[in-house]
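Overview (structure and organization)
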Amino acid sequence: MTTQYPFVRELYDAFQLSEFDRWDVLVAEDVLVNSTMGRDIHGRQALKEWAAQFVSALQSRVDLVDEFEAIDAAGNGRAFFTICLDWKHAEVFMGMQPTGREGTSIETMLLTIKDGKVVRWDVADNTVEINIYFWERGWAIPHNVHPEVLVKGIERRPSQV
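Below: a short report on this structure. (Residues numbered from 1 in each chain as written. Predicted model: local features only at pLDDT ≥ 70, side-chain atom pairs only at ≥ 80, totals over all residues. Heavy atoms only, no water.)

1. Some thoughts on helix α1 (residues 7-16)
Burial runs high along α1: eight of the ten residues are buried. When we look at burial in α1, the residues that qualify are F7, V8, E10, L11, Y12, D13, A14 and F15. Immediately downstream of α1, the backbone of S18 shows phi near 60°, a positive value. (Buried < 20%, exposed > 50% of the residue type's maximum accessible area, 1.4 Å probe, protein only. Helix = DSSP H or I, 4+ residues; strand = E, 2+ residues; numbered from the N terminus.)

Structure, rendered in structure tokens:
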């Protein structure tokens, strides 16, 4: 695999430039994607279409805020990149009519990488402005999501708090 940038920077750069075909060598065909704007999205093509909505329909400028990767020589590991979407709802977004509303959303892309490709892409919202905006317009924001955990924390009872 030859790319212009290190792994995570290549993912980001392709996202912010809407050059999603660059993801073909970085993202598995059957990638699983989860976020507050869509859960259980399966497949690289679905990810590309979903991402394109954020860049084009919301006319987003996508600023890189942070990045990190821990990928071993076999191409396995975890990584993340955090972006700030400076958006304007100027076109139909996933079926929702535009309002002209503008805002920002800081989001972290949490990536699981196997054999040199992203197999899981989870989006963690660091701010809630965009979620509230879409919630007010009837978007079904997921509730009571229980992801697979790496280390389970201790169970607390009211008397322990």
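2. Topic: the pattern of salt bridges
The tally for this structure, following the rule as stated, stands at 14 salt bridges. Measuring nitrogen to oxygen at the nearest pair gives 2.5 Å for the salt bridge that ties R44 to E29. With R44 in helix α2 (residues 44-57) and E29 in strand β1 (residues 27-35), this residue pair connects regions lying 15 residues apart in the sequence. The salt bridge partner of E155 is K152, with a shortest N-O separation of 3.4 Å. By relative accessible area, which is 63% here, K152 ends up exposed. Each of D21, D24, E29, R44 and K48 takes part in one network of salt bridges that share partners. (Salt bridge = Lys/Arg side-chain N within 4 Å of Asp/Glu carboxyl O.)

3. A closer look at empty space enclosed by the protein
Taken as a whole, this structure holds one cavity of 30 Å³ or more when the rule is applied. Lining of the largest cavity is provided by F15, W23, W50, A51, F54, I83, L85, E107, M109 and W121. Of all elements in the fold, only α2, β4 (77-88) and β5 (102-114) reach the threshold of two or more residues within the lining of the largest cavity. Counting residues per element, the lining of the largest cavity draws most heavily on α2, which supplies three residues. Residues of the lining of the largest cavity, tallied by class, amount to nine nonpolar, no polar and one charged. (1 Å grid on protein atoms, 1.4 Å probe; cavity = no way out; pocket = protein on both sides within 12 Å on 5 of 7 lines; lining within 4 Å. Points joined across faces, edges and corners; volume = space filled by probe spheres on them. Nonpolar A, V, L, I, M, F, W, Y, C, P; charged D, E, K, R; others polar.)

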